[in-house]
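# Inside the fold
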Amino acid sequence: MDQIKIKLSTGREVVLDDEAIKALNEYVRTQLTLEQLAKRLGLSGWEEAYELIKQVPAWVMWTPLPIYKKLIS
């Protein structure tokens, strides 16, 4: 399985690497805000973070990193 790349309407492409998966896992399991998520992923603001969340498959956000690594290798 290849790495997942998400293209945002701003033209920015976000690659879901280990750090991005960790941040998404934390977002769905805690009270991490969209603004905080944007900061962790290097996005310009909560709008880009919201757009990313809408495009990322739900199974990616809920899959723990060790399991995700086994799936993509």
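These notes cover the structure that comes with them. Keep in mind that this is a model prediction, so the values were computed, not measured. (Residues numbered from 1 in each chain as written. Predicted model: local features only at pLDDT ≥ 70, side-chain atom pairs only at ≥ 80, totals over all residues. Heavy atoms only, no water.)

## Some details on the packing of aromatic side chains
All told, the structure shown has 1 aromatic pair when counted by the stated rule. Pairing tryptophan 59 with tyrosine 68 gives two aromatic rings, centres 6.1 Å apart and planes at 35°, and the pair type is tilted. (Phe/Tyr/Trp six-rings, centres within 6.5 Å; stacked < 30°, edge-to-face > 60°.)

## As for the pattern of salt bridges
According to the stated counting rule, one finds 4 salt bridges in the structure shown. Here lysine 69 and aspartate 18 are joined by a salt bridge, their closest N and O atoms 3.4 Å apart. Note that lysine 69 is positioned in helix α5 (residues 65–72) and aspartate 18 in helix α1 (residues 18–29), a separation of 51 residues in sequence. One salt bridge in this structure joins arginine 40 and glutamate 26, with 2.3 Å as the shortest N-O distance. Placement of the pair is arginine 40 in helix α2 (residues 34–41) and glutamate 26 in helix α1, with a sequence separation of 14 residues. The exposure class assigned to arginine 40 is partly exposed, which follows from its relative accessible area of 41%. Take glutamate 26: its relative accessible area is 32%, and that puts it in the partly exposed class. (Salt bridge = Lys/Arg side-chain N within 4 Å of Asp/Glu carboxyl O. Helix = DSSP H or I, 4+ residues; strand = E, 2+ residues; numbered from the N terminus. Buried < 20%, exposed > 50% of the residue type's maximum accessible area, 1.4 Å probe, protein only.)

## A few points about the packing of α1 against α5
Put simply, α1 and α5 touch, their axes get as near as 10 Å, and they point 135° apart. As summarised for this structure, α1 and α5 are arranged oblique, according to the angle between their axes. Seen from above, α1 lies across α5 with right-handed handedness. Along its contact with α1, which presents Asp18, Ile21, Lys22 and Asn25, the element α5 presents Leu65, Tyr68 and Lys69. In terms of residue class, the contact of α1 with α5 is made up of 3 nonpolar, 1 polar and 3 charged. (Axes fitted to C-alpha atoms, helices over the stretch in contact; angles between N-to-C directions. Parallel < 35°, antiparallel > 145°, perpendicular 65-115°, else oblique. Left-handed = near helix turned anticlockwise from the far one by under 90°. Contact = heavy atoms within 4.5 Å. Nonpolar A, V, L, I, M, F, W, Y, C, P; charged D, E, K, R; others polar.)

## Comments concerning the environment of glutamate 13
Checked against the element boundaries, glutamate 13 lands in strand β2 (residues 13–15). Overall, glutamate 13 belongs to the partly exposed group, its relative accessible area being 46%. Through-space distance from the C-alpha of glutamate 13 to that of leucine 32 is 22 Å; in sequence the pair is 19 residues apart. Excluding residues that lie within four positions of it along the chain, glutamate 13 makes contacts with Lys5, Ile6 and Lys7.

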